[in-house]
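Chain by chain, the residues run as shown.
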Amino acid sequence: MPLVSVVMPVYNSAATLGASVRSVLSQTHSDLELLVTDDRSSDDSLDLLMEFARQDERVKPESAQVQGGAGRARNLAIERARGDYVAFLDSDDLWLPEKTERQIEFAAAGDAPLTFTSYYKMAADYDGESVDFTPNGRVVRAREHVDYRAMLVRDYIGALTAMYDRNALGTRLMPEMRKRQDYALWLSIMRDGADARGLTEPLAVYRAHQAGSLSSNKLSLVPYNWELYRRHEGLSVPRATRALTGAVWQSLRNSRI
């Protein structure tokens, strides 16, 4: 059975961390390692992780020497990965029990080195116990296929659902940007020739934290997208401008849906 390395950054997540970790450990595909980097939390997150590690050897926490943000925390975990696949989950989101099993089957059947799935979008106070998701949240549907050109305009991959084949792609780290690190990783993989395949079955739960309007949150990412296009993707000014215009239009359009 393939080993899955699950990457989880943690910062002051004691309130939600337990449910997230348990959702990984209860996967029907049990051959996995949970690589957690605590980014110098000031709450009980690290103590909680150490207790999980004492109970289950698959949980492998480390504390960052200096606080470096989510991107750096993820990279520290990726550098420790031994798995055939690398998957991602934040410390306030959840996986459904069959997520890794179904996604590995899907990746193998389609010879797809980068895959993602649909997911449920729930309120931030969702407790992780309900199994009847449909009345309580909406499904963000995964596209069946995404190429580099389409991905420049919109990030179609929910990070909590992403998984890449380490045997096919090698160990791929995230650019250490303040935001959009995951988007930058998907783009770098796809720029090298690998398209992404989406499994339409919802297999994860995203807990949405509303701080301000959706439109304003989306527009706040504009400077990070510009940095991504110019510095990391090396796009010319005209091409980066076209991509950014398309991204802004898509964000505003989706905020009205």
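Please read all numbers here as calculations on a predicted model, not as lab measurements. (Residues numbered from 1 in each chain as written. Predicted model: local features only at pLDDT ≥ 70, side-chain atom pairs only at ≥ 80, totals over all residues. Heavy atoms only, no water.)

Examining the side chain of Asp93
What counts, and what does not: Secondary structure follows DSSP: runs of H or I at least 4 residues long count as helices, runs of E at least 2 residues long count as strands, and numbering of each begins at the N terminus. Partly exposed describes any residue whose relative accessible area lies between the buried limit of under 20% and the exposed limit of over 50%, with all areas from a 1.4 Å probe on protein chains only and scaled to the type maximum. Counted as positive: Lys and Arg. Counted as negative: Asp and Glu, with His and the chain ends omitted from the count. The rule for a salt bridge is simple: a side-chain nitrogen of Lys or Arg has to be within 4 Å of a carboxyl oxygen of Asp or Glu.
Residue placement: Asp93 occurs in the loop between strand S4 (85–88) and strand S5 (94–95). An unpaired buried charge is present at Asp93: no salt bridge exists, and Arg207, the closest side chain of opposite charge, is 5.4 Å distant.

Comments concerning unusual backbone geometry
We note that Arg40 has phi near 60°; this positive angle belongs to a residue other than glycine. Looking at where Arg40 falls in the secondary structure, it is placed in the loop between strand S2 (32–38) and helix H2 (45–55). For Arg40, a relative accessible area of 42% corresponds to the partly exposed category. Despite not being glycine, Asp111 shows a phi value in the positive range, around 50°. Structurally, Asp111 is set in the loop between helix H4 (99–110) and strand S6 (114–123). Given a relative accessible area of 71%, Asp111 falls into the exposed group.

Here's the deal with the pattern of salt bridges
Applying the stated rule across the entire model yields 12 salt bridges. Here Glu51 and Arg54 are joined by a salt bridge, their closest N and O atoms 2.9 Å apart. Residue Glu51 and its partner Arg54 are both found in helix H2; the two are separated by 3 residues, about one turn of the helix. The exposure class of Glu51 is partly exposed, given its relative accessible area of 34%. The residue Asp56 makes a salt bridge to Arg58 at a minimum N-O spacing of 2.8 Å. For Arg58, a relative accessible area of 18% translates into the label buried. Overlapping salt bridges, with partners in common, bring together Glu33, Lys60 and Arg82 in one network.

Topic: the packing of helix H1 (residues 14–25) against H2
Put simply, the rule is: Angles run from 0 to 180 degrees between N-to-C directions of axes, and those axes are lines fitted to C-alpha atoms, restricted for helices to the stretch in contact. Our angle categories are set so that under 35 degrees counts as roughly parallel, over 145 as roughly antiparallel, 65 to 115 as roughly perpendicular, and the remainder as oblique. In a left-handed crossing the near helix is turned counterclockwise from the far helix by less than a right angle, and in a right-handed crossing that turn is clockwise. Two residues form a contact once any of their heavy atoms are found within 4.5 Å. Under the convention adopted here, Pro, Cys and the residues Ala, Val, Leu, Ile, Met, Phe, Trp and Tyr are nonpolar, Asp, Glu, Lys and Arg are charged, and Gly plus all remaining residues are polar.
It is at 9 Å that the axes of H1 and H2 come closest, and there the two elements cross at 25°. When the interaxial angle is binned, H1 and H2 end up roughly parallel. The interaxial crossing formed by H1 with H2 has right-handed handedness. Between H1 and H2, the residues in contact are Ala14, Leu17, Gly18, Val21, Arg22 and Leu25 and Ser45, Leu48, Leu49 and Phe52, respectively. Along the lines of polarity and charge, the residues of the contact of H1 with H2 split into 7 nonpolar, 2 polar and 1 charged.

Any link to function would need more than the numbers given here.
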